[in-house]
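Per-entry structural report
As a plain string of letters, each chain reads:
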Amino acid sequence: MRVQVYTMQSVDEALAVAGLGVDHVGVTPAATGLPGEIALDLAKDICASLGGIATSVALSVEVDLRAIEHMVRTVKPDVLHLCGASGAVGPDAVADLRLALPDIAVMQAIAVTGPEAVDVARSYEQVVDYLILDSVAPDIPGIGAAGVVHDWDVSAAIVEAVGVPVILAGGLDPENVAAAIVAVRPWGVDSLTRTNRPSGAGGFSKDLDLVARFREAAHSEALT
């Protein structure tokens, strides 16, 4: 079971999370008001620090392909996580990005808002390396960072329907991740909001105890 954790605020934090055995370590290089966003230069330093230790992942809610390319070429993550508004960057556009950025893996977010998400996931299957199934919130741009659980039955149907690795996200924490794995049987699981510690003024850092417990719970269920 792969474990992915967002969103790092410093090199030291990223290395501490990777040191707990987290497989995918995520950053949010942006200036649009996203939770935990950081400057591109800091995101670049974090991704560089993770080389050979963990897979670095950088998300983008942008819909302009040139802006996405600029972020990737600056930050240099291992994986580009596309999580703009549902349908804003369609499969054809993702295919164009793959041609422009041939050395990077692509993970497409799918908004699990109902059964229609299965067909949406299928439409991206041929142009991405991973899918991430996530929730949405009206006050947060794009797909994800909502901190709420969605319908795992729909997520399970997506896992059955596609042939690429699927990461389950959306309100997962150390207490519910085992049940989520049983229900969905994903390739990996993701946590952002529920492994955070508030740090004042609306900011946060990662709670390393929660991260460790999240990883342990995910791996314990994966072994059963």
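Model, not experiment: these values are computed from the prediction.

This part takes up the overall build of the chain. Across its full length, the chain holds 8 helices and 10 strands. Its C-alpha radius of gyration of 16 Å places the chain within 12% of the 17 Å reference for a compact globule of 224 residues. Taken over 224 residues, the chain has a buried fraction of 53%. Of the contacts formed within the chain by residues at least 6 apart in sequence, a portion of 60% connects residues at least 24 apart. Carbon and sulfur atoms make up 52% of the accessible area of the chain, which totals about 9300 Å². Of the side chains in the chain, 13 bear a positive and 29 a negative charge, and the two mean positions are spaced by 4 Å.

It is possible for side chains of opposite charge to pair when their charged atoms get near one another. According to the stated counting rule, one finds 8 salt bridges in the structure shown. Here Arg66 makes a salt bridge to Asp64, at a shortest N to O gap of 3.8 Å. Look at Asp64 and you get partly exposed, because its relative accessible area is 31%. Its salt-bridge partner being Arg213, residue Glu175 comes within 2.4 Å of it at the nearest N-O pair. Here the residue Glu175 occupies a position in the loop between strand E7 (166-168) and helix H7 (177-184), and Arg213 occupies one in helix H8 (residues 208-222), the gap between them amounting to 38 residues. Given the relative accessible area of 56%, Glu175 is considered exposed. We classify Arg213 as partly exposed; its relative accessible area is 33%.

All right, on to the environment of Trp152 then. Structurally, the position occupied by Trp152 is in helix H6 (residues 152-161). Overall, Trp152 belongs to the buried group, its relative accessible area being 18%. Ignoring sequence-local partners within four residues, the contact set of Trp152 consists of Leu168, Leu172, Asn176, Ala179, Ala180, Ala183 and Val184.

The omega torsion across Tyr6 and Thr7 is -10°, close enough to zero to call that bond cis. Among the structural elements, Thr7 can be located in the loop between strand E1 (2-5) and helix H1 (11-19). Phi at Lys76 takes a positive value of approximately 60°, unusual for a residue other than glycine. Here Lys76 is to be found in the loop between helix H3 (65-75) and strand E4 (79-82). Under the relative-accessibility criterion, Lys76 is labelled exposed at 53%. One non-glycine residue, Ala145, lies in positive phi territory at about 60°. Mapped onto the secondary structure, Ala145 falls in the loop between strand E6 (130-134) and H6.

Ordered in space as E1-E2-E3-E4-E5-E6-E7-E8, the 8 strands form a closed barrel in which the pairing is parallel. Along the sheet, successive strands turn relative to each other by an average axial angle of 25°, direction set aside. Here strand E2 (residues 24-27) runs beside strand E3 (residues 55-60); their pairing, made up of 4 bridges, is parallel. Its bridge partner being in E3, His24 is matched across the sheet by Thr55. The strands touched by helix H5 (residues 116-124) within the sheet are strand E5 (105-111) and E6, with E5 carrying the most contacts at an inclination of about 165°.

With that out of the way, let us pick up the nonpolar core. With 57 residues, the main nonpolar core has Val25, Leu80, Leu131, Ile158 and Val189 as its most contacted residues. In this structure, Tyr6, Val57, Val79 and Phe204 belong to the second largest nonpolar core, which totals 19 residues.

By secondary structure assignment, the location of Asp190 is in strand E8 (residues 188-191). Of the side chains with opposite charge, Lys206 lies nearest to the buried Asp190, which makes no salt bridge, at 8.3 Å. Among all residues touching Asp190, those that are not within four sequence positions of it are Gln4, Tyr6, Ile132, Ile167, Leu168, Ala169, Leu172 and Phe214.

Here we come to the state of the cysteines. Note on terminology: a disulfide is the covalent bond linking the sulfur atoms of two cysteines. Inspection of the entire model under this criterion finds 0 disulfides. Cys83 provides the cysteine sulfur closest to Cys47, a residue in no disulfide bond, and the two sulfurs are 14 Å apart. Overall, Cys83 belongs to the buried group, its relative accessible area being 2%.

Rules of the game
- Here the residue numbers are simple positions, counted from 1 along each chain's written sequence.
- Local features in this predicted model are restricted to residues whose pLDDT is 70 or higher, and side-chain atom pairs enter the listing and the counts only when it is 80 or higher, whereas totals over whole chains, interfaces and linings include all residues.
- Values reported for side chains reflect all heavy atoms of the structure, with hydrogen atoms and water molecules removed beforehand.
- Numbering of helices and strands starts at the N terminus; helices are DSSP runs of H or I of at least 4 residues and strands are runs of E of at least 2.
- C-alpha atoms define the radius of gyration, and 2.2 Å times the number of residues to the power 0.38 defines the globule rule.
- Categorising residues by exposure relies on relative accessible area from a 1.4 Å probe, with only protein chains included: less than 20% of the type maximum marks a residue as buried, more than 50% marks it as exposed, and the intermediate range marks it as partly exposed.
- Whether two residues are in contact is decided by their heavy atoms, any of which lying within 4.5 Å being enough.
- Areas reported as accessible are Shrake-Rupley estimates using a 1.4 Å probe. Residue values count occlusion only from the protein chains shown.
- Charged residues are defined here as Lys and Arg on the positive side and Asp and Glu on the negative side; His and the ends of the chain fall outside this count.
- To locate a charge, take atom NZ for lysine, CZ for arginine, CG for aspartate or CD for glutamate.
- The term salt bridge refers to a pairing of a side-chain nitrogen on Lys or Arg with a carboxyl oxygen on Asp or Glu at a separation within 4 Å.
- Only strands that DSSP links by at least two bridges are regarded as paired with each other.
- Structural elements are reduced to axes, namely lines fitted to C-alpha atoms, with helices fitted over the stretch in contact, and the angle between N-to-C directions of any two is expressed from 0 to 180 degrees.
- Among buried residues, the Ala, Val, Leu, Ile, Met, Phe, Trp, Tyr and Cys ones that are joined through side-chain atoms within 4.5 Å form a nonpolar core.
- Disulfides are defined as cysteine sulfur pairs within 2.5 Å.

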